[in-house]
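Structure assessment
Below, each chain spelled out in residue letters.
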There are 2 protein chains.
Amino acid sequence: MGGPICIFDSGVGGLTVLQKIRREMPDESLVYFGDTARAPYGGKDAKTLISHGREIINFFLKHDAKMIIMACGTSSSTSYDTLCAEFPSLPIVDTIRPAAEETLRQAQADNFRPLFIATQATINSGLFSRLFSDESGTELHARACPLFAPLVEAGHIGGHPTAVFAAKNYLADLRGKVNTVILGCTHYPLLKLAITQALGEITFIDPAEATARAAAAKNLPPPTAPPKISYYTSGAPEKFSSLARIILNENIAPKKLASL
Amino acid sequence: MGGPICIFDSGVGGLTVLQKIRREMPDESLVYFGDTARAPYGGKDAKTLISHGREIINFFLKHDAKMIIMACGTSSSTSYDTLCAEFPSLPIVDTIRPAAEETLRQAQADNFRPLFIATQATINSGLFSRLFSDESGTELHARACPLFAPLVEAGHIGGHPTAVFAAKNYLADLRGKVNTVILGCTHYPLLKLAITQALGEITFIDPAEATARAAAAKNLPPPTAPPKISYYTSGAPEKFSSLARIILNENIAPKKLASL
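All values reported here derive from a predicted model rather than from experimental measurement. (Residues numbered from 1 in each chain as written. Chains lettered and ligands numbered in written order. Predicted model: local features only at pLDDT ≥ 70, side-chain atom pairs only at ≥ 80, totals over all residues. Heavy atoms only, no water.)

A word on the pattern of salt bridges
For clarity, the threshold we go by: For this document, the term salt bridge refers to a Lys or Arg side-chain nitrogen within 4 Å of an Asp or Glu carboxyl oxygen. Only DSSP runs of H or I with at least four residues qualify as helices, and only runs of E with at least two residues qualify as strands; both kinds are numbered from the N terminus onward. The buried label goes to any residue with under 20% of its type's maximum accessible area, the exposed label to any with over 50%, and the partly exposed label to all in between, with areas taken from a 1.4 Å probe on protein chains only.
Going through the model one piece at a time under the given rule, you end up with 24 salt bridges over all chains. With a closest N to O distance of 3.6 Å, Asp81 of chain A and Arg97 of chain A form a salt bridge. Here Arg97 of chain A lies in helix H5 (residues 96-106) and Asp81 of chain A lies in helix H4 (residues 80-86), a separation of 16 residues in the sequence. You can call Asp81 of chain A exposed: its relative accessible area is 54%. The closest approach of N and O atoms between Glu102 of chain B and Arg105 of chain B, which form a salt bridge, is 2.8 Å. Here the residue Glu102 of chain B and the residue Arg105 of chain B both occupy positions in helix H5 (residues 96-106), the gap between them amounting to three residues, near one helical turn.

Okay, here's the thing in structure tokens:
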């Protein structure tokens, strides 16, 4: 009952969410799983992604998970409803629904011109547009950036020239047309600099904060042990740690999971 | 005994090998499997890749495979010896060993200045350098291009501006220093134009041809049925077909495999 909050993503991107969860709920133990061996998720179909998510949640249940954070925009857009129905007694928080709520809140401001960027699968799902535009009536630009998550997993982050070029290639025609970018994939905070170079000065909506608030708002049983964080990856632990060091600014030693 | 030749890759790249196999051995039936749901392979560790390869070969054995073509440079560099030992009665042909033999043959020419490009896992294995440089004594440049296979899987091929930029970022400092590029990943023939823009006029060694010749040289039982080609993918069939159309110049309908 008082077990850990369990967080997953296709790779390291979800660590941007883990960071906010730690800040918001410092007494909770956390388990993180990055599915690097099967990343990126962004070009995969819903059936595959639901199957991956189910395996990961079953792994988390062995760790006595009291809540699941789906810290992956692609899983959130394609697998959330199905997996909530399959695990009815387990609270599951995604990133896209809290992001849409936060965007609706900010859309009250004058001159709000939003751009939603995400993986191909997330854009194809149409979920964010339905949640935001249908509700607000505000025009929304939405664009797939299929190379962004692979850029981050390859370590080409921040102002890496190829990241800047890719961002300009995907987004430059929207410069001046949008002033707020919703980061629909948890890898994208690592590319803020490249995105700013493509679009000029803009405001970011990072779902990580809204997700952490949504998680904290759930009525969870209190932790029964001092807080502890464990990291797992299905891929190469060294690659995972070197990116984690950049995101979390600390050294972690993830355990390698040969299979789920 | 007279079953199909079975070919696999992390995704669509191995279709560049399938094409040459068809030309070299037109009477053979072929089964192709692209592991798109778990692509890219290039950042994964040997243990994961061996496990994926084992699953795929077991799937092929259900199809009565008479030979396996490991049409993936990363699997070839990390999994070949182990999987040959596990399946001792099954002929297995990889892409890196035939590529090294072909490169050794061409290295007889004057002024041969080779560059081997591949995924991070293939470069880390050191296999090609051992097979080529240790034998020839010719200096070899070798470089990892971790974004190249994801670029191809995202459909950013040929002279796509981001592909050209990525190629320049990885390779431009070698312009004038090399005159022959060995494509150590079966996705890379789709990026020849980008690579040429980075390096100027160069000669390519595409392992697909050497691999097809190595396959044809095996003493196989003759086919027992008219030739037929079947395609399978673990990912989204539409995405697979749209890239296959560009590579093979024909429409194919791959079957989706939910699990191996």
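Now that the structure is up, let's keep going.
With respect to the sheet that holds strand S8 (residues 203-205) of chain A
Residue and element names in this part refer to chain A. Condition: By this definition, two strands are paired if DSSP reports at least two bridges between them. All axes are obtained by fitting lines to C-alpha atoms, using only the stretch in contact for helices, and the reported angles, taken between N-to-C directions, cover 0 to 180 degrees. Only heavy atoms matter for contacts: two residues are in contact if any of them lie within 4.5 Å across the pair.
The sheet built from four strands is open, its strands ordered S6-S5-S7-S8 with parallel pairing. This sheet does not close on itself; its edge strands, each paired only once, are strand S6 (141-144) and S8. The mean angle between the axes of side-by-side strands here comes to 25 degrees, regardless of whether they run parallel or antiparallel. Note that strand S5 (residues 114-118) and S6 share four bridges and pair parallel. When the bridges of S6 are listed, Leu115 appears paired with His141. Sheet strands touched by H5: S5, strand S7 (180-183) and S8. Its angle to S8, the strand with the most contacts, is close to 140 degrees.

Considerations on the interface of chain B and chain A
Threshold: Accessible surface is computed with a 1.4 Å probe, and the buried area is the amount of it that two parts give up when combined, taken over both parts together. Residue type decides the class: Asp, Glu, Lys and Arg count as charged, Ala, Val, Leu, Ile, Met, Phe, Trp, Tyr, Cys and Pro as nonpolar, and the leftover types, Gly among them, as polar.
If you look at the interface, chain B gives 30 residues, while chain A gives 30 residues. Buried area between chain B and chain A, both sides added, is near 2,100 Å², and the carbon and sulfur share of it is 61%. Broken down residue by residue, the surface that chain B buries against chain A is led by Leu147, Thr162 and Phe165 of chain B, which jointly contribute 23%. Inspection of the region where chain B meets chain A yields two salt bridges. Between Lys256 of chain A and Asp45 of chain B there is a salt bridge whose closest N-O contact spans 2.6 Å. Where the side of chain B that touches chain A is concerned, the elements lending two or more residues are helix H2 (46-62), helix H8 (148-153) and helix H9 (161-171) of chain B. Among the elements that make up the side of chain B that touches chain A, the one with the highest residue count is H9 of chain B (six residues). Residues of the side of chain B that touches chain A, tallied by class, amount to 14 nonpolar, 10 polar and six charged.

A look at the relation of the copies chain B and chain A
Here is the rule we go by: The copies were overlaid with a least-squares fit restricted to C-alpha atoms from residues scoring a pLDDT of at least 70 in each copy.
Mapping chain B onto chain A is achieved by rotating through 180 degrees and translating by 0.1 Å along the same axis, at an RMSD of 0.0 Å. Both copies are brought into coincidence by an operation consistent with a two-fold rotation axis. Among all C-alpha atoms of chain B, that of Arg38 of chain B lies closest to the rotation axis, at 2.2 Å. Counting the interface residues of chain B, we find that 100% of their copies in chain A are interface residues as well, pointing to one common contact surface.

A look at the side chain of Asp206 of chain A
Residues and elements named next belong to chain A. Where we set the bar: The positive count covers Lys and Arg only, the negative count covers Asp and Glu only, and His and the chain ends enter neither.
In this fold, Asp206 is placed in the loop between S8 and helix H11 (207-216). Despite its burial, Asp206 remains without a salt bridge, the nearest opposite charge being carried by Lys192 at 4.8 Å. Ignoring anything within four residues of it in the chain, the contact list for Asp206 reads Leu183 and Pro189.

Remarks on the sheet that holds strand S4 (residues 92-93) of chain B
Backbone-to-backbone hydrogen bonds pair the strands of a sheet. The strands run either parallel or antiparallel. All names here are of chain B. The parallel open sheet is built from six strands, whose spatial order is S4-S3-S1-S2-S9-S10. Each end of this open sheet is capped by a strand with a single partner; those strands are S4 and strand S10 (255-256). Relative to strand S2 (residues 30-34), strand S1 (residues 5-9) is paired through five bridges, and the arrangement is parallel. Its bridge partner being in S2, Ile5 is matched across the sheet by Leu30. Relative to strand S9 (residues 229-233), helix H12 (residues 237-248) is tilted by about 135 degrees, and along the sheet it contacts S2, S9 and S10.

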